[in-house]
Amino acid sequence: MLDQDNACFIQSGVSITLAGHATGRMPSMSRGFACKLLDGGQRIGIALPRSQAAEVLENVRLSGRVAVAFSRPTTNRTVQLKGVDACIVDFDPADEDLIRHHVDEFVPEVVALGTPEEMVRALLSYTLDDIVMVVFTPSSGFDQTPGPKAGEQLPAAR
Amino acid sequence: MNVRLDTLRECLEGIIPGHIVTCDPAGMPNVAFLSQVEFVDNEHVALSYQFFNTTRRNVLAGSPVRLLLTSHLTAAQFRLSLNYLRTETSGPLFERMKAKLSGIAAHSGMTGIFKLLGADIYRVLDIVPVAGRTLAPPTPPINCVNALRRATDRLASCANLECLLEKAVDCLVKEFSIGHLMLLMHDEARGCLYTLASRGYPQSGIGSEIPVGSGLIGICARERSPIRIGFMTSEYAYGRTVRDSLAAEGKLDALETAIPLPGLPNAASQMAVPIAAAGRLLGVIYVESVAFLHFGYDEEDALVAFAAHLGLAMLHHQQADDPLEDPAPAESTPLPATGPTLTIRHFAANDSVFLDDDYLIKGVAGAILWALLNDFVKRGRTSFTNKGLRLDSRIRLPGVSDNLEARLVLLQRRLAERNAGIGIEKAGRGRLSLAVTRPLELVES
């Protein structure tokens, strides 16, 4: 469903936040550390640390429902994808470069706004055995960039 | 709640946006980024409402709310559980957030897009730290609590208003390490603030005025609330912008415009703190810096407490400076006037006074000076009392809260800056003396 532009965007140095919910509509969330496109872009994988994301992982495991927002700090361009079939899979250590690449691209985005690099790297520090991946098929997607187009459905891939 | 909100306020400066998650009635979660979270108290935060979006729909439909906050200093993250209470669309909190958001918008290239529609007040139900590596917080540039203690100690040694105001400004520079500041007094009758002292500008701007309600200083005065901005924004530049808008509204006539308001043209951080006591606004402390985020919540707290202390002391000294019924001291013999004649021109329409065609001051301070100089020229009088000035029909002070002492300090400073051969000085409690060293010619226009 993602066009090429948005597919590139969500894999670049953007802030990633993954949300789920428990019974009683109680939402939960955690920062994502990388994004991977699977099955030719049909499915999305979000890498995140178990130690920070225990609650949202449990919510996702029970409901399968997930929302993930991607935002570029320097432009506020924001995209949100939602799915109802999310599951948790092991993180393939061979994909660690995805995280390194994400952090390296995210750092200058945040440093440009006045935050020290050391802080950004601390925020996204991890141990590989702590990382898991939430995989889902986007069932809807929205442009959430502040401005006149906020809330519009994303253009579908051709 | 194990973590107190007032210990993590750096997360609320808008450097790293908060992440807010909600859930719709059909059970689909939603994520949004928040430009601004404002500390209200340890049980409440206010979130900026800028757009009617999915988050707002979900909140109004009864969704629980979770918020992820991140410290830009330590990388510490906190998850908050919130319960929506109400939305405010005016008042001190709204204005504080509107001003701050203007700075955040300018910093993130969103001027004109980020616009505060309301301040959503939430009760904080829970704060949980998120696991992860954190950094030691940087050493703060000053210890605000100690600076406050030292500053209030120093104010306690003052015996009159003039000393108090001088020392207050000195404390802001020396104890709080503030390089650029103004102390403005409130003119209740005219609905404006006039600069009584400043530091860190090429021109002092003493006597310059700003209307209550205009710019950062004026809004602070109107709302009686501290207003703090961490990033440069043209929306709250007060000098030229404010004057241009007043000119467009035809309100400039009533305002002191001959004396330019001082101020940094490129201030990134600005903070205005009201000085109030006994339910009255007495003035405003304004501080600024070219560095962004120079003033944080701690500096705001310290200056608010300092201003509260200063306000009570000002009120005390204004009342204590009322004249006593003791006999007037003997008139001192005026010094022999030498040098070229100084022509003093007075325009009765607005009590403006010019020294040799150079504008000095207008309004009440102008009327006071004109009365003093007339008594001096006609009767050789150099000694005056506050009580006498209050009763003087030529001066027309505006009632009980006349701020006479502050107006005298203003006049004294304008005369000292001009250094044209006229000076006034305190001569004991409730008394002042006039010193003239040049021959005078008074011209009523």
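In this numbering scheme, every chain counts its residues from 1 along its sequence in written order. Written order determines the labels here, with chains lettered from A and ligands numbered from 1. The model is predicted, so local features are restricted to residues of pLDDT at least 70 and side-chain atom pairs to those at 80 or more, both for listing and for counting; the totals for chains, interfaces and linings are taken over all residues. Side-chain measures here rest on the full set of heavy atoms in the structure, leaving out hydrogens and waters.

Residues Phe176, Ile285, Phe306 and Ile422 of chain B are the most contacted members of the largest nonpolar core, which totals 72 residues. A run of H or I in DSSP becomes a helix once it reaches four residues, and a run of E becomes a strand once it reaches two; helices and strands are each numbered from the N terminus. Residue contributions to this core peak at nine residues, all from helix 8 (residues 363–379) of chain B. Boundaries of every domain are those given by an automatic assignment or by a domain database. Residue contributions to this core reach at least three from each of two domains, namely domain 2 (144–320) and domain 3 (342–444) of chain B. Val14, Leu48, Phe70 and Leu81 of chain A belong to the second-largest nonpolar core, a separate cluster that totals 25 residues. The term nonpolar core refers to a set of buried residues drawn from Ala, Val, Leu, Ile, Met, Phe, Trp, Tyr and Cys, joined through side-chain atoms within 4.5 Å. Buried means the residue's accessible area, taken with a 1.4 Å probe over protein chains only, is under 20% of the maximum for its type, while exposed means over 50%, and partly exposed covers the values in between.

Okay, the interface of chain A and chain B next. Here, two residues are considered to be in contact whenever any of their heavy atoms come within 4.5 Å of each other. Facing the 41 residues of chain A at the interface are 45 residues of chain B. Computed with a 1.4 Å rolling probe, the buried area is the accessible surface lost when two parts are put together, summed over both parts. Between chain A and chain B the total buried area reaches about 3400 Å² when both faces are included, carbon and sulfur atoms providing 61% of it. Whenever Lys or Arg places a side-chain nitrogen within 4 Å of a carboxyl oxygen from Asp or Glu, that contact is recorded as a salt bridge. Here chain A and chain B share one salt bridge between them. Between Arg66 of chain B and Glu55 of chain A there is a salt bridge; the shortest N-O distance is 2.8 Å. The term polar contact refers here to a pair of N or O atoms within 3.5 Å; inside protein, the definition further demands a hydrogen-donor-capable atom paired with an acceptor-capable atom, and it admits residues adjacent in sequence only when both atoms are side-chain atoms. Where chain A packs against chain B, one counts 19 residue pairs in polar contact (both at pLDDT 80 or more). Counting residues per element, the ones that place at least two in the side of chain A that touches chain B are strand 1 (15–21), strand 2 (27–32), helix 2 (50–63), strand 5 (66–71), strand 6 (78–83) and helix 4 (117–123) of chain A. Looking at the side of chain A that touches chain B residue by residue, the class counts come to 14 nonpolar, 20 polar and seven charged. Each residue is assigned to one class: nonpolar for Ala, Val, Leu, Ile, Met, Phe, Trp, Tyr, Cys and Pro, charged for Asp, Glu, Lys and Arg, and polar for all the others, Gly among them.

As a further point, take helix 3 (residues 96–111) of chain A. Residue and element names in this part refer to chain A. Take the residue count of a helix, subtract one, and multiply by 1.5 Å to get its expected span. Here helix 3 contains 16 residues, and its C-alpha end-to-end distance of 23 Å stays within 8% of the 22 Å for a straight helix at 1.5 Å per residue. When helix 3 is considered as a whole, its buried residues turn out to be Glu96, Ile99, His102, Val103, Phe106, Val107, Glu109 and Val110. Along helix 3, the residues classed as buried sweep out an arc of 165 degrees about the axis, all on the same side. Here the buried face of helix 3 lies against strand 1, strand 2, strand 3 (34–38), strand 4 (43–49), helix 4 and strand 8 (131–136). It is the directions from the helix axis to the C-beta atoms whose arc is reported.

In this section: the packing of helix 2 (residues 92–107) of chain B against helix 5 (residues 215–223) of chain B. Residue and element names in this part refer to chain B. Lines fitted to the C-alpha atoms define the axes, with helices restricted to the stretch that makes contact. Angles between their N-to-C directions range from 0 to 180 degrees. Running from N to C, helix 2 and helix 5 cross one another at 165 degrees; their axes reach a closest spacing of 10 Å. The angle between helix 2 and helix 5 falls in the class roughly antiparallel. The two elements helix 2 and helix 5 meet at a crossing, and its hand is left-handed. For the pair formed by helix 2 and helix 5, the contact residues are Pro92, Glu95 and Ala99 on the first element and Leu216, Ile219, Arg222 and Glu223 on the second. Looking at the contact of helix 2 with helix 5 residue by residue, the classes come out as four nonpolar, no polar and three charged. Angles are sorted into four bins: roughly parallel if under 35 degrees, roughly antiparallel if over 145, roughly perpendicular if 65 to 115, and oblique for all others. Each helix crossing is assigned a hand: it is left-handed if the near helix lies turned anticlockwise from the far helix by less than a right angle, otherwise right-handed if that turn is clockwise.

So, on to unusual backbone geometry. Here Asn76 of chain A, not a glycine, exhibits a phi torsion of approximately 65 degrees, which is positive. Turning to its location among the elements, Asn76 of chain A is positioned in the loop between strand 5 and strand 6. If you check the backbone angles, Asp351 of chain B has positive phi at about 55 degrees while not being a glycine. You can see Asp351 of chain B is positioned in the loop between strand 14 (342–347) and strand 15 (352–355).

Here the focus is the environment of Leu155 of chain B. All names here are of chain B. Following the sequence through the fold, Leu155 ends up in helix 3 (residues 144–155). Leu155 gets classed as buried once you look at its relative accessible area, which sits at 3%. Each C-alpha atom of the pair Leu155 and Arg199 lies 18 Å from the other, and the pair is 44 residues apart in sequence. With residues up to four places along the chain from it excluded, the contact list for Leu155 reads Leu164, Lys167, Ala168, Phe306, His309 and Leu310.

Domain annotation for chain B reports domain 1 (5–130), domain 2 (144–320) and domain 3 (342–444). With centres defined by C-alpha atoms, the gap from domain 1 of chain B to domain 3 of chain B works out at 53 Å.

Along the chain, Ser71 of chain A falls in strand 5. One polar contact links Ser71 of chain A to Thr78 of chain A, side chain to side chain, over a distance of 2.9 Å. Setting aside its immediate chain neighbours within four residues, Ser71 of chain A contacts Phe9, Val14, Ser15, Asn76, Arg77 and Thr78 of chain A together with Phe33 of chain B.

What follows covers the side chain of Glu96 of chain A. Residues and elements named next belong to chain A. One can find Glu96 in helix 3. A relative accessible area of 16% means that Glu96 is categorised as buried. With near-sequence residues (within four places) excluded, Glu96 lies in contact with Phe91, Tyr126 and Leu128.

Glancing now at the sheet that holds strand 19 (residues 431–436) of chain B. Residues and elements named next belong to chain B. Each pair of strands is called paired provided DSSP finds at least two bridges between the two strands. Spatial ordering of the open sheet is given by 17-19-18, a layout of three strands whose pairing is antiparallel. Both outer strands of the open sheet, strand 17 (383–385) and strand 18 (422–426), are each paired with one neighbouring strand and no more. Neighbour-to-neighbour, the strand axes of the sheet open up by a mean angle of 25 degrees, direction not taken into account. Sheet topology note: the strand 18/strand 19 ladder contains five bridges and is antiparallel.

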